[in-house]
Amino acid sequence: WAIGWVLVEMGVLAGMGAAGRGASLLRGLLGVRLGLAVNQQILEKTLGMGLLQLQDPEFYDRLTRARRESQHRPLAVVGELLALQGAVATLLGFVLLLLSFSPLAVLLLLLAAVPATLAELRFSRETFELRNRRVQDARMLAYLEQTLASDAHAKEVLLLGLGPTLLGRFRALSDRLWQEEWRVALRRALWVVGLSQLGTLSFYGCYVVIAWMAATGRLGLGDMTMYALSFRQGQLAFQSILLSLGSLYEHDLYLSNLLQFLAIPSASPPLLSAPPALEERGLRFENVGFRYPGQERFALRHLDLFIPPGESLALVGPNGAGKTTFLRLLTGLYEPTEGRVLLDGRDLRSLPPETLRARFAVVLQDFSRYQLPARENIALGSVAHREDQARVLRAAERGGARAFLDALPSGLDTQLGRWFDDGVELSGGQWQRVALARAFMREEADIMILDEPTAALDIEAEAEVFEHVRKFRGDRTLLLISHRFANVRAADRILVLDQQGLVEQGSHDELMARQGLYATLFVKQAEGYR
């Protein structure tokens, strides 16, 4: 029998060890899964935001708060709930035993742990509010770190010797944040440690009573040991419960940031259900005005314009005249503050976003340089057709990128950028041609928008790009935004924007004959080439 019980004990211990290892494994896997799930929810919410929201500092503050500790907090809540269940079960067992000794002593023992817990709750809230207030400073730290350790800024940082200056700012800001955190943590420790001594005093008070009763013969030695041990274990179990509740409260504070972020209403308003106002084809601006949130001055106002299908249109004007705002209104990225924008007689706000965006092929001035293979860089121009390799090759050819991409080590399968292994960095002009090829992937799009498409090209390459655009544009409507007047003079119509809005329109010859703003700007630029 003895050997049998030894084997039983060995099996129990082995099972406990396996259970502990299994629990550890599950916690690790659950932590990874929860982190990925929370990040996915945050990204899904971010994708539903409008461009104006993504340009709002308050949005980035809320995003930072949501992401800061939301990955590990959900798992911590699960762990605290499990610990709480165990502590409650333990406490109930000891309380039932100790009530037979003295209900008053039990109450005193439990109440003595409350002040320290209340202090923990108070300082948890104070720490939480401090970190929420300093979220912009935390974002600034992240920005400085990225600036100092990113290839996007490395050239200018090195050439201008900005490293010590930016590092000094990083150090000063991080030291200030540390000082505030340290002061709150020190006060928290002093208060909690001080108040926790009440629990120690209450335990030893009960212990003195038990010892006195044993000395006077009212308790046996075994009873004294049992009650003393029960008081201590009961007190520890109750403290564990209060700590778990305090931790749950703290986790809830931080998770509230995540829940508030996920509750942000989408920027996309309900689609208008009104029928088409006009039976026409083309784009129309009806008394359109736009004002950025928080600003009194309109970026554009009183804009009336009709763009028929297939027209070649150029947009020029000084910086700050509203060319970028015009582009974003045209593509539905911004909604007009006044008036409306119509596409084929329908208000843009009545069109589903995916339907509207499918009509446009766009090359932005600040286009993205995706750290992906060249083939994918182009295919992203039309996600629905990214597996259509023939279309990818046509787009590369039409964008003027096919020749230099074929010459790369692995052709179109070459990794672009330096972030990953075997990556090849392109020149600014080559990246710009890849962006143009991405636009040509949208073969169904009937409106092409080029925002400074040749800013990084030399004169010969610039002429080649415009030759490609004219050759492969087809019957698309073309909108060109450029500061180089030589690129816009061949357009069917030129729109001239100024601080007052649309001040002139017409062909190059008509505008030159008018001797207005366009002629003035054209002559000034031409003089620079003499």
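Above this note sits the structure.
Residues numbered from 1 in each chain as written. Predicted model: local features only at pLDDT ≥ 70, side-chain atom pairs only at ≥ 80, totals over all residues. Heavy atoms only, no water.

### Focus: the side chain of aspartate 347
Let me state the cut-off plainly: Helix and strand assignments come from DSSP, with helices taken as H or I runs of at least 4 residues and strands as E runs of at least 2, each series counted from the N terminus. We call two N or O atoms a polar contact when they sit within 3.5 Å, provided that within protein one can donate a hydrogen and the other can accept it, with sequence-adjacent residues counted only if both atoms are side-chain atoms.
Mapped onto the secondary structure, aspartate 347 falls in strand 5 (residues 346–347). Of the polar contacts made by the side chain of aspartate 347, one reaches the backbone nitrogen of arginine 349; its length is 2.8 Å.

### Points about the sheet that holds strand 2 (residues 300–307)
Selection criterion: Strands were regarded as paired on the criterion that DSSP finds at least two bridges between them. Whether two residues are in contact is decided by their heavy atoms, any of which lying within 4.5 Å being enough. With axes taken as lines fitted to C-alpha atoms, and helix axes fitted only over the stretch in contact, angles between N-to-C directions fall between 0 and 180 degrees.
The antiparallel open sheet is built from 4 strands, whose spatial order is 2-1-4-5. At either end of the open sheet lies a strand with only one pairing partner, and these are strand 2 and strand 5. With 5 bridges joining them, strand 1 (residues 283–290) and strand 4 (residues 338–343) adopt antiparallel strand pairing. Bridge pairing links arginine 284 to leucine 342 in strand 4. Sheet strands touched by helix 11 (residues 323–330): strand 1, strand 2 and strand 4. Its angle to strand 1, the strand with the most contacts, is close to 125°.

### Structural notes on the pattern of salt bridges
We apply this condition: Any carboxyl oxygen of Asp or Glu within 4 Å of a side-chain nitrogen of Lys or Arg constitutes a salt bridge here. Only protein chains enter the calculation, and the probe is 1.4 Å; a residue is then buried if its accessible area is under 20% of its type maximum, exposed if over 50%, and partly exposed in between.
Throughout the structure, instances matching the rule amount to 21 salt bridges. A salt bridge links aspartate 344 to arginine 359; the shortest N-O distance between them is 2.9 Å. Here aspartate 344 is found in the loop between strand 4 and strand 5, whereas its partner arginine 359 is found in the loop between helix 12 (353–357) and strand 6 (360–363), with 15 residues between them in sequence. When its relative accessible area of 17% is taken as the criterion, aspartate 344 is described as buried. Note that glutamate 443 is salt-bridged to arginine 394, the shortest N-O span being 2.9 Å. Highlighted residues: glutamate 443 in the loop between helix 16 (428–440) and strand 7 (447–451) and arginine 394 in helix 14 (residues 389–398), separated in sequence by 49 residues. Given the relative accessible area of 25%, glutamate 443 is considered partly exposed.

### Digging into the packing of aromatic side chains
This is how it is decided: Ring geometry is summarised as follows: Phe, Tyr and Trp rings, the Trp one being its six-membered ring, pair when their centres sit within 6.5 Å, and such pairs are stacked at plane angles under 30 degrees, edge-to-face over 60 and tilted between the two. Note on geometry: a ring has a charge over it if NZ (lysine) or CZ (arginine) is within 6 Å of the ring centre and within 35 degrees of the ring normal.
Tallied over the entire structure, the rule returns 5 aromatic pairs. Ring plane angle 85° and centroid distance 4.8 Å describe the contact between phenylalanine 290 and tyrosine 292, whose orientation is recorded as edge-to-face. A relative accessible area of 2% means that phenylalanine 290 is categorised as buried. Each residue in the set Phe290, Tyr292 and Tyr334 is aromatic and connected to the rest through ring pairs, giving one cluster. Across from the ring centre of phenylalanine 298, 4.0 Å away, lies the NZ or CZ of arginine 301, which sits over that ring.

### Some points on helix 16
Counted only if it meets this: Multiply 1.5 Å by the residue count of a helix minus one, and that product is the helix's expected span.
Between its first and last C-alpha atoms helix 16 spans 19 Å; for 13 residues at 1.5 Å apiece the expected length is 18 Å, and the two agree. Among the residues making up helix 16, those that are buried are Gly429, Trp431, Gln432, Arg433, Val434, Ala435, Leu436, Ala437, Arg438, Ala439 and Phe440. The inward-facing, buried residues of helix 16 abut strand 6, helix 13 (374–379), helix 14, helix 15 (402–406), strand 7 and helix 17 (459–472).

### Overview of the sheet that holds strand 7
Backbone-to-backbone hydrogen bonds pair the strands of a sheet. The strands run either parallel or antiparallel. Overall, mixed pairing links the 6 strands, which are arranged 6-7-8-3-9-10 in an open sheet. Only two strands of the sheet have a single partner each, and these edge strands are strand 6 and strand 10 (501–506). For this sheet, the mean angle separating the axes of adjacent strands, direction not counted, is 15°. Across 4 bridges, strand 3 (residues 312–316) lies against strand 8 (residues 477–481) in parallel orientation. Bridge pairing in strand 8 links alanine 314 to leucine 480. With respect to the sheet, helix 11 is in contact with strand 3, strand 6, strand 7, strand 8 and strand 9 (493–498), its orientation differing from that of strand 8 by roughly 155°.

Purely geometric numbers; function is a separate question.
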